[in-house]
Amino acid sequence: EQRFGALFMRPEGTGKLALVAVLAALVAGVVGVYLGGHPGWMPDAVRGAFLSDTGAYATRTELLEQIKDDYYKKVDLAALEQSSLKGLVDGLDDRFSTYLTPDQARLLDEQVSGKFEGVGMSVREDKRGLRVARVFTGAPAAKAGIREDDLITRVNGDSIAGETSEVATAKIRGEPGTSVKLTVTRSEEQPRTLSIARAEVDIPVAESKLMTVDGTKLGVAQLTGFSMGASEALRKKIDAMLEKGAKGLVLDLRGNGGGLLSEAVAVASIFVERGEIVSTRGRTQEPRDYSAEGDAIAKDIPVVVLVDDGTASASEIVAGALRDRGRATLVGQKTFGKGVFGQPTDLPNGGEVVLTTGEYFLPDGDNIADKGLKPKVKAQDRESTDADEGLAKALDVLLAKLR
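A brief report on the enclosed structure follows. All of these numbers come straight from a predicted model, not from anything done at the bench. (Residues numbered from 1 in each chain as written. Predicted model: local features only at pLDDT ≥ 70, side-chain atom pairs only at ≥ 80, totals over all residues. Heavy atoms only, no water.)

Notes on a negative patch on the surface
Taken together, the side chains of E62, E65, D69 and D70 make up a negatively charged region of the molecular surface. Tracing the sequence through the fold places E62 in helix α3 (residues 56–70). (Patch = residues over 30% accessible without salt bridge, like charges linked within 9 Å, V, L, I, M, F, W, Y side chains within 5 Å. Areas by Shrake-Rupley, 256 points an atom, 1.4 Å probe, with all protein chains shown as cover. Salt bridge = Lys/Arg side-chain N within 4 Å of Asp/Glu carboxyl O. Lys, Arg positive; Asp, Glu negative; His and termini not counted. Charge placed at Lys NZ, Arg CZ, Asp CG, Glu CD. Helix = DSSP H or I, 4+ residues; strand = E, 2+ residues; numbered from the N terminus.)

A short note on the packing of aromatic side chains
Per the stated rule, a full pass over the model turns up 2 aromatic pairs. Consider the rings of Y71 and Y72, whose centres lie 5.1 Å apart with planes at 65 degrees: the pair is edge-to-face. Here Y72 falls in the exposed class, since its relative accessible area comes to 64%. Between F96 and F336 the ring centres are 6.4 Å apart and the planes differ by 75 degrees, which places this aromatic pair in the edge-to-face class. Placement of the pair is F96 in the loop between α4 (77–90) and β2 (98–100) and F336 in the loop between β18 (329–332) and β19 (340–346), with a sequence separation of 240 residues. Lying over the aromatic face of F361, R281 brings its terminal NZ or CZ to 4.1 Å of the ring centre. Its end group placed over the ring of F96, K338 keeps NZ or CZ at 4.4 Å from the ring centre. (Phe/Tyr/Trp six-rings, centres within 6.5 Å; stacked < 30°, edge-to-face > 60°. Buried < 20%, exposed > 50% of the residue type's maximum accessible area, 1.4 Å probe, protein only. Lys NZ or Arg CZ within 6 Å of the ring centre and 35° of its normal.)

Brief notes about unusual backbone geometry
One non-glycine residue, S313, adopts positive backbone phi at about 60 degrees. Structurally, the position occupied by S313 is in the loop between β17 (303–307) and α10 (314–324). Overall, S313 belongs to the buried group, its relative accessible area being 0%. Not every positive phi belongs to a glycine, and D370 is a case in point at roughly 70 degrees.

Details of the sheet that holds β17
Picture the strands of a sheet paired through backbone hydrogen bonds; they go either parallel or antiparallel. If you walk across this open sheet you meet the 6 strands as β11-β12-β13-β17-β18-β21, and the pairing is mixed. Strands with a single pairing partner mark the edges of an open sheet, and in this sheet they are β11 (206–213) and β21 (377–378). One ladder, built from 2 bridges, connects β18 with β21; its direction is parallel. What sits directly across from G332, in β21, is K378. Against the sheet, helix α8 (residues 230–243) makes contact with β11, β12 (216–223) and β13 (248–252), and its axis sits at roughly 20 degrees relative to β11, the strand it touches most. (Pairing = 2+ DSSP bridges. Contact = heavy atoms within 4.5 Å. Axes fitted to C-alpha atoms, helices over the stretch in contact; angles between N-to-C directions.)

Quick notes on the pattern of salt bridges
In the structure shown here, the tally under the stated rule is 16 salt bridges. Between K86 and D90 there is a salt bridge; the shortest N-O distance is 2.8 Å. With K86 and D90 both in helix α4 and 4 residues apart, this pair spans about one turn of that helix. We classify K86 as partly exposed; its relative accessible area is 30%. Among the salt bridges present, the one from R254 reaches D381, with a minimum N-O distance of 3.1 Å. With R254 in the loop between β13 and β14 (258–260) and D381 in the loop between β21 and α11 (389–402), this residue pair connects regions lying 127 residues apart in the sequence. R254 sits in the buried class, given a relative accessible area of 17%. Within the structure, one salt-bridge network assembled from shared partners comprises D252, R254, D381 and D388.

Written out as structure tokens, the structure is:
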């Protein structure tokens, strides 16, 4: 599944960018000590806090021993250890920071690389669970009757309320051929539990269609995520439509929860030739500006960006940059409003910690955290119809630009 609201900064080349934040060092330190590693590499102050008689490590060790020796039921100590690490990050009270177990970390890496094994849907976070943003045609979720805007509240009988999308979707995903039970609610209907067989899902990151409206050819390109290679796939679709005579373009980012920052910059660069796309700031990082990479399509080709409340993170960077640079008109609903980015860091036990490490700012200097982007033209689909009212409005706006 595609995680909602994800925006990751990856280093140039291979490997993951190491965090210098103290918290990451603490997490790695705890894991290393638990796994029998040597804590000598830790900073003196950190090592002292963990190894002193009254330090955190001594306390955690004593507590673990007490549970092991005296608790009235047998305890899975490995699971308890994972819970303790998760609790450390949960203490930040930041819904975008999370600890991932080794299995969950593997699924995250697969997602960023564009590989998917699961039930074939994209989701966005909801305080009660996961809200379905899109169900892909022919995927197991579609065959089971799951539809857009359904709410998933339980996975295999366990509540996922309040969990991050990284953790919740990792529970849904799994080896092809295995099954997962999802408790799903829709509007006022009673919850129903569906058993769905997982599969390897071929999800096209970019789709397109050429439409003729009032005698004018218009291109519609939909981007489902910002995994590696997304910008290249989108550019091929756009170039093909322009070669076939498209006079204007709709970029559909509805339900697109984001992905890699580098891909966001590359996608925006398809439409903006030069100048700033986004800037980032963090407590432990130098401010950085990201500029367009050149080789954009002709600037006289009008563009409309279609957004909704499932448009988040990298998608908001693209939509916001095209809006601020005067390159596109936004149509649809207010976007999610994620103005921060995170970095995944490998831990010694095979898990990962994803920490919110900074904020991003659009070309006009705006940070959209918790407020989102407000479209110039409002449009909302109605569930009661088969028509795509949002796309229809976007095409109308695009035609008006050509007249």
